[in-house]
Amino acid sequence: MPPLETLLAFVVATSLFAFMPGPAMAYVAAQTLARGRRAGWMATFGVSLGGMSHVLAAAAGLSALFAHVPELYAALKIAGALYLIWLGISIVRSRVEGIDAPAIAPRSARRAFVDSMVVEILNPKTAIFFIAFLPQFVDPSASLPVWAQFLVLGFVVNLFFGLGDVAAVLGASYIMSRLGADGAVQRWSRWIGGSLLVGLGLKLASDR
């Protein structure tokens, strides 16, 4: 593995990225507001698993395709953006149609897990991040193979990002607990959560 000072720099840089408010934190917070804290935990788990898929792809060298095939990057980005927008609209519509939130909590949590994993897998920016960030801390001369270093470092990065998402879920849950659990609050939280997802989708689609 890289020298100790390099690993320390890796931990510091990873911590800064992980706990800096960004789209992933906004996403799990939106899922928490719209579907409840359990759904927020499942969304965090889904995002983490989706992130690990990019780590595996980076270790195998597949993520480099996005840097060399712009059309593939653009297609995946648009697919992910459309999926986010569809999720947001679905959540807002469920509120309008009067679906009882407590009654669908288990299903919402499972749905949040699947949706989150798909969203993260369809996010090419995650792939680009890993292939740009991880090589800075990989030592080709180390006894551990490069692909194994990618896996270890990528797992650590994913773990730190997961902790950042946990903080976002706790924050959103605290806000919900302070506001109360009456029908009006649940309806507004669904609208706000759904709108956040639509906004994230539009931002992803418009980013270059």
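Since this is a predicted model, take the numbers as computed values, not measurements.

**Student:** Provide a residue-level description of the pattern of salt bridges, including the pertinent values.
**Tutor:** For the coordinates displayed, the defined rule picks out two salt bridges. Across the pair Asp115 and Arg111 runs a salt bridge, and its minimum N-O distance is 3.1 Å. With Asp115 and Arg111 both in helix H6 (residues 105-121) and four residues apart, this pair spans about one turn of that helix. A residue is classified by how much of its surface remains accessible, and Asp115, at 0% relative accessible area, is buried. Classification of Arg111 as partly exposed rests on a relative accessible area of 26%. When salt bridges that share partners are traced, they join Arg35, Arg111 and Asp115 into one network.

**Student:** If you had to explain the environment of Ile192 to someone new, which residues and values would you point to?
**Tutor:** Residue position: Ile192 is located in helix H9 (residues 183-206). The exposure class of Ile192 is partly exposed, given its relative accessible area of 40%. Measuring from C-alpha to C-alpha, the distance between Ile192 and Ile91 comes to 9.6 Å, with 101 residues separating the pair along the chain.

**Student:** A description of the packing of aromatic side chains should follow, citing residues and the corresponding values.
**Tutor:** Scanning the model with the defined rule gives 10 aromatic pairs in all. Geometrically, the ring pair formed by Phe45 and Phe113 is stacked, given 5.4 Å between the ring centres and 25 degrees between the ring planes. Residue Phe45 is found in helix H3 (residues 37-60), and its partner Phe113 is found in helix H6; the two are separated by 68 residues along the sequence. A residue is classified by how much of its surface remains accessible, and Phe113, at 18% relative accessible area, is buried. Chaining the aromatic ring pairs together yields one cluster made of Phe10, Phe17, Phe129, Phe130, Phe133, Phe137 and Phe161.

**Student:** Go over the confidence of the model for the chain, please, and point to the residues and values.
**Tutor:** Confidence along the chain averages 80 in pLDDT terms, with 84% of residues attaining 70 or more. H3 holds the highest mean pLDDT among the elements of the chain, 91, whereas helix H4 (residues 64-68) holds the lowest, 68. Contacts of residues 95-106 to residues separated by more than four positions or lying in other chains number 12 contacts, the stretch itself having pLDDT below 50.

**Student:** I'd love a proper account of the environment of Phe161, names of residues and values included.
**Tutor:** Residue placement: Phe161 occurs in helix H8 (residues 146-179). Here Phe161 is in contact with Thr14, Phe17, Ala18 and Phe129, once residues within four sequence places are set aside.

**Student:** Please set out the side chain of Thr32 residue by residue, giving values where relevant.
**Tutor:** You can see Thr32 is positioned in helix H2 (residues 23-35). Look at Thr32 and you get buried, because its relative accessible area is 2%. Here Val28 takes part through its backbone oxygen, which lies 2.7 Å from a polar atom of the side chain of Thr32.

**Student:** Now, about the packing of H3 against helix H7 (residues 124-133): what can you tell me, with residues and values included?
**Tutor:** Relative orientation of the contacting elements H3 and H7 amounts to 45 degrees, with a least axis distance of 9 Å. Relative to H7, H3 is oriented oblique. Where H3 crosses over H7, the two elements pack in a sense that is right-handed. Residues Gly51, His54, Val55 and Ala58 of H3 form the contact with H7, whose participating residues are Thr126, Ala127, Phe130 and Ile131.

Quick notes on the rules
- Residues numbered from 1 in each chain as written.
- Predicted model: local features only at pLDDT ≥ 70, side-chain atom pairs only at ≥ 80, totals over all residues.
- Heavy atoms only, no water.
- Salt bridge = Lys/Arg side-chain N within 4 Å of Asp/Glu carboxyl O.
- Helix = DSSP H or I, 4+ residues; strand = E, 2+ residues; numbered from the N terminus.
- Buried < 20%, exposed > 50% of the residue type's maximum accessible area, 1.4 Å probe, protein only.
- Phe/Tyr/Trp six-rings, centres within 6.5 Å; stacked < 30°, edge-to-face > 60°.
- pLDDT = per-residue confidence, 0-100.
- Contact = heavy atoms within 4.5 Å.
- Polar contact = N/O pair within 3.5 Å; in protein donor to acceptor, adjacent residues only side chain to side chain.
- Axes fitted to C-alpha atoms, helices over the stretch in contact; angles between N-to-C directions.
- Parallel < 35°, antiparallel > 145°, perpendicular 65-115°, else oblique.
- Left-handed = near helix turned anticlockwise from the far one by under 90°.

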